Amino acid sequence: MTTAPAPPPGGALRVILVDDEHLIRSALATMLSLEADLEVLGEASTVAEGTRLAGETSPDVAVVDLQLPDGDGLELCEQIAELSPDTRCLVLTSHARPGYLKRALAQGVLGFLPKTTSAEQLARAVRSVAAGRRAIDPELAAETISSGDSPLTPREADVLEYAADGAPVEQIARRAHLAEGTVRNYLSSAQAKLQAANRHEAAAIARRQGWI
Amino acid sequence: MSAQARQWTIFYVYTLWSVVVMTAMMPVMLVLMIGAPAFDQIREHPLLGVLLLGQAVASMLATRTALRCWAAAPPAPMRGPWDLPRLGMLPGGWRWLAASALATLLLTAATLAGLGSGLLLLVSGIVLAVSALLRVPWRWSAGGLVAVGLLALVGIMTPDLAVSSFVTFVAVLALRSSIWLGAVVRELDQAREAQAQLAVAEERLRFARDLHDVTGRDLSVIAVKTELVAQLAERGDPRAAEHGREAAQIARTSLAEIRSLVRGYREADLATELQGTASLLRSAHAEVTIEGDAEDVPARHRGTAAWALREGGTNILRHADPTAVVITLSPQGVRLVNDGAPGDDPVPEGSGLTGMRERLGEDAELTARRDRGRFTLDIRFDTTGETR
């Protein structure tokens, strides 16, 4: 593979992986552990497991998927920051929405990369993040800039995206793992913000602007 | 619901309450119209007044229940323009209607027993007739009215009864108009909803087709390539690595194509990019000052300016740790100044700046300076030979 730098004097960088997609997680774990200066301490697939793992191992870097079955990766990063303040988070995502990059930056997450990042780039990003430098995917940053300043909160954007294919509220609630009342609330606040007459129009506006 | 509630929701509430209030007020209005004789009757026989009041409440509840049933049921299919009146026919609420009929019955009994002159019975009869006629097809009401008119003409019917029939007919027509209007608004709303869903479905179809075009081909190549990698790896053939990397590259290109497909929906303008840059940098805890605005940039340079802002903003985020960023837009160019830039030596040309410069080409001139942590990216438009 790459010509990995020799292990730093303090020993290898200790990394954990949190992703619910088993195939991707194990592939990433294998690729990262091939690097001489990186050591994968453990893997988890949910926010709850990830929090426990980070608390037990206090790794240098936590590589976290944005979409997890019991919450989002940024919630996990917040909890990790509390439990193990020295751990730095690197968020991986398969489809990025502008709101998330901004939220990640606002809460001090240093790394934000798409899942398509090559092994070499990911290893380099892990090293940057461990050293306290940012590792942000330029494509994602450019997309975020192009989308302007979205008035939607990430949750509203989520719900609106689930509504974009014309799904009824019950189905949106099921997809977003939310109560129907909550979905209605998010939809109506999103509609109000976008000044749309109904949720289809709101979704169309948001899509045109690149907010979902 | 919020202020953005759908029109039908609002209109339904309006229809419900206008019809319910009209029904409830009818006995009161009739008594007021008759005037003194009716007041005397109520004063003399309070029991009759109470019965009439009870009937008002019962017919109000009957209307409310019926309207709720009407709104809950799917609208009746239309069979031509003359079918509209059927939409104004109320279903249900039969129990409260029976209660209303009971009140009329008791009033009849009281009148027959010599209590009162029958004036209040007339009022009660009108109220009952209106409630009942709202629930039958309009031809019946019209037929009834014609019959009453004929009877009045041949002198069998008293003028009192003829006037009452007319009042009944007018009241039914007024209430029905309200319900018809409601029905029309409801159908329009449903048509709009259906249209929106149709548009969504068409768009989804188009998108699915595009997506399949982009991904189908790449996925087949990846399937073949990875199969080959497995075969080569089993034999210890070193070409496995090369094919493996090629497959990964195809997957990445494919994803990039999908992204640009999604992005193809929109073309960001300079004002949006400006807002986006500021908002992104602010979320990274930098203070952003904007001098000038998108309008200051000549229209023909706005595309370049938008692109420069996007690239510049992205670079600041990736390579610096800024606390303050100043973005200046002017007719001459775009400038981005930020602090927190690492290093103090002259800017190395390899760091993406060459690429930017190449892309700008003849359009604009790019300079970059770094001075004690302060980084300045300056893009000057080529304004020579420009008519102002």
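Residues numbered from 1 in each chain as written. Chains lettered and ligands numbered in written order. Predicted model: local features only at pLDDT ≥ 70, side-chain atom pairs only at ≥ 80, totals over all residues.

A look at the overall build of chain B
Short version of the rule: Secondary structure is summarised from DSSP: a helix means a run of H or I of at least four residues, a strand means a run of E of at least two, and numbering begins at the N terminus for each. In this scheme the burial state of a residue depends on its C-beta neighbours within 10 Å: 20 or more other such atoms mean buried, 12 or fewer mean exposed, and anything in between means partly exposed; the C-beta positions come from the backbone.
Helix and strand counts for chain B stand at 12 helices and five strands. Counting the 388 residues in chain B, one finds 26% classified as buried.

Re the confidence of the model for chain A
Predicted coordinates in regions of low pLDDT should not be interpreted in detail. How we decide: Here pLDDT means the predictor's own confidence in every residue, given as a number from 0 to 100. A pair of residues counts as a contact when their C-beta atoms, built from backbone coordinates, are within 7 Å of each other.
Put simply, chain A has an average pLDDT of 85, and 93% of its residues get 70 or more. Low pLDDT (under 50) marks residues 1-7 of chain A, which in the prediction has 13 contacts with non-local residues, meaning those over four places away or in another chain.

A few points about the interface of chain B and chain A
The criterion, for reference: The classification used treats Ala, Val, Leu, Ile, Met, Phe, Trp, Tyr, Cys and Pro as nonpolar, Asp, Glu, Lys and Arg as charged, and all other residues, Gly among them, as polar.
Listed by partner, the interface residues are 31 residues for chain B and 28 residues for chain A. Elements that contribute at least two residues to the side of chain B that touches chain A include exactly helix H8 (159-234), helix H9 (239-263), helix H10 (270-283) and helix H11 (302-319) of chain B. Tallying contributions element by element places H10 of chain B first for the side of chain B that touches chain A, with eight residues. Broken down by class, the residue content of the side of chain B that touches chain A amounts to 12 nonpolar, 11 polar and eight charged.

Thoughts on the environment of threonine 46 of chain A
Residue and element names in this part refer to chain A. Counting through the fold element by element, threonine 46 comes out in the loop between strand S2 (38-44) and helix H2 (47-57). In the structure, threonine 46 is positioned 23 residues away from proline 69 in sequence and 6.2 Å away in space, judged by C-alpha atoms. The residues contacting threonine 46, other than those within four sequence positions of it, are Asp20, Leu68, Pro69 and Asp70.

A word on the sheet that holds strand S8 (residues 135-136) of chain A
Residues and elements named next belong to chain A. For clarity, the threshold we go by: The rule for pairing is simple: two strands pair if DSSP sees at least two bridges between them. Axes here mean lines fitted to C-alpha atoms, for a helix over just the part in contact, with angles spanning 0 to 180 degrees between N-to-C directions.
Spatially, S2-S1-S3-S6-S7-S8 is the arrangement adopted by the six strands of the open sheet, whose pairing is parallel. In this open sheet, the two edge strands, each paired with only one partner strand, are S2 and S8. Of the strand pairs in this sheet, strand S6 (residues 88-93) and strand S7 (residues 111-114) are connected by four bridges, and their pairing is parallel. Across the sheet, the residue bridging to leucine 90 is glycine 111, located in S7. On the sheet, H2 packs against strand S1 (13-18), S2 and strand S3 (61-65) and is oriented at approximately 140 degrees with respect to S2. Sheet contacts for helix H3 (residues 73-83): S1, S3 and S6; angle to S3, the most-contacted strand, approximately 155 degrees.

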